[in-house]
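Notes for the structure review
Here are the chains, one letter per residue:
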Amino acid sequence: MNYDNFEASFTKENKKLKTVLAITILISVSAVVMQFFSKRYYLYRGSSIFEERPLAEEVCRLAFTGLASGSPNPHVVRSELIKLAEKESFSIPIDKIFQVKSLEIGACKIVLKSEGKLTAFKIKLDASDSHPFYYKLIQLDEIPVKEEI
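In this report, we go over the structure that sits alongside the text. (Residues numbered from 1 in each chain as written. Predicted model: local features only at pLDDT ≥ 70, side-chain atom pairs only at ≥ 80, totals over all residues. Heavy atoms only, no water.)

**Re the layout of surface pockets**
Reported here for the second largest pocket is a volume of approximately 160 Å³. Leu67, Leu81, Leu84, Ala85, Glu88, Phe90, Phe121, Leu140, Asp141 and Glu142 are the residues that line the second largest pocket. For the lining of the second largest pocket, the secondary-structure elements that each account for two or more residues are α4 (79-88) and β4 (135-142). Per-element accounting of the lining of the second largest pocket gives the leading share, four residues, to α4. A class-by-class count of the residues in the lining of the second largest pocket yields seven nonpolar, no polar and three charged. (1 Å grid on protein atoms, 1.4 Å probe; cavity = no way out; pocket = protein on both sides within 12 Å on 5 of 7 lines; lining within 4 Å. Points joined across faces, edges and corners; volume = space filled by probe spheres on them. Helix = DSSP H or I, 4+ residues; strand = E, 2+ residues; numbered from the N terminus. Nonpolar A, V, L, I, M, F, W, Y, C, P; charged D, E, K, R; others polar.)

Written out as structure tokens, the structure is:
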């Protein structure tokens, strides 16, 4: 085998590899640039994740069920309310909770069935970083119904 022929074939193969490498790099760079400058459009279908505050709803549910059962959790209910509930013996039998909905910042509504009747309560929450679960129940109001259901 001749060294000149070997060198010529070797350089020809190197040139082919260099062009393939250059084309691959060019395509990769253009794909990254196109990805970087592309515009993305998202459709919003009104999912509850954007409208509701899941933590506030869960604290409302936990606080209300604790108060209704007679064993309120001090991590989600203010101590003043716990003392008041012990004095006044606040107890509601809960058949089924139908809805827990966040109304506005610091308030939620709970709709439930108790002793065969449909009742609703508005719950006010205190938001603070010092609370273990950020919210604590501070006020509980029954929503009056004008006529019996």
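**Things to note about the pairing of strand β1 (residues 96-104)**
With seven bridges joining them, β1 and strand β2 (residues 107-114) adopt antiparallel strand pairing. Across the sheet, Gln99 pairs through a bridge with Val111, a residue of β2. Hairpin geometry of β1 and β2 is characterised by an intervening segment of two residues between the two adjacent antiparallel strands and by a positive phi of about 85 degrees at Gly106. (Pairing = 2+ DSSP bridges.)

**Some remarks on the sheet that holds β1**
Sheet strands pair by backbone hydrogen bonding; their relative direction is either parallel or antiparallel. On the basis of which strands lie adjacent, the open sheet formed by four strands has the order β1-β2-β3-β4 and antiparallel pairing. Only two strands of the sheet have a single neighbouring strand rather than two, namely β1 and β4. Here the strands of the sheet are splayed against their neighbours by 25 degrees on average, with no regard to which way each runs. Pairing analysis gives eight bridges linking β2 to strand β3 (residues 117-127), with the strands arranged antiparallel. Within β3, the position partnered with Lys109 by the bridge is Lys122. (Axes fitted to C-alpha atoms, helices over the stretch in contact; angles between N-to-C directions.)

**As for the state of the cysteines**
On inspection of all chains with the given rule, the structure shows one disulfide. Shown here is the disulfide that connects Cys60 with Cys108, its sulfur atoms set 1.6 Å apart. Across the S-S bond of Cys60 and Cys108 the torsion is about -105 degrees, and the bridge reads as left-handed. One end of the pair, Cys60, is in helix α3 (residues 54-69); the other, Cys108, is in strand β2, and 48 residues separate them in sequence. Judged by its relative accessible area of 0%, Cys108 falls in the buried class. (Disulfide = S-S within 2.5 Å. Buried < 20%, exposed > 50% of the residue type's maximum accessible area, 1.4 Å probe, protein only.)

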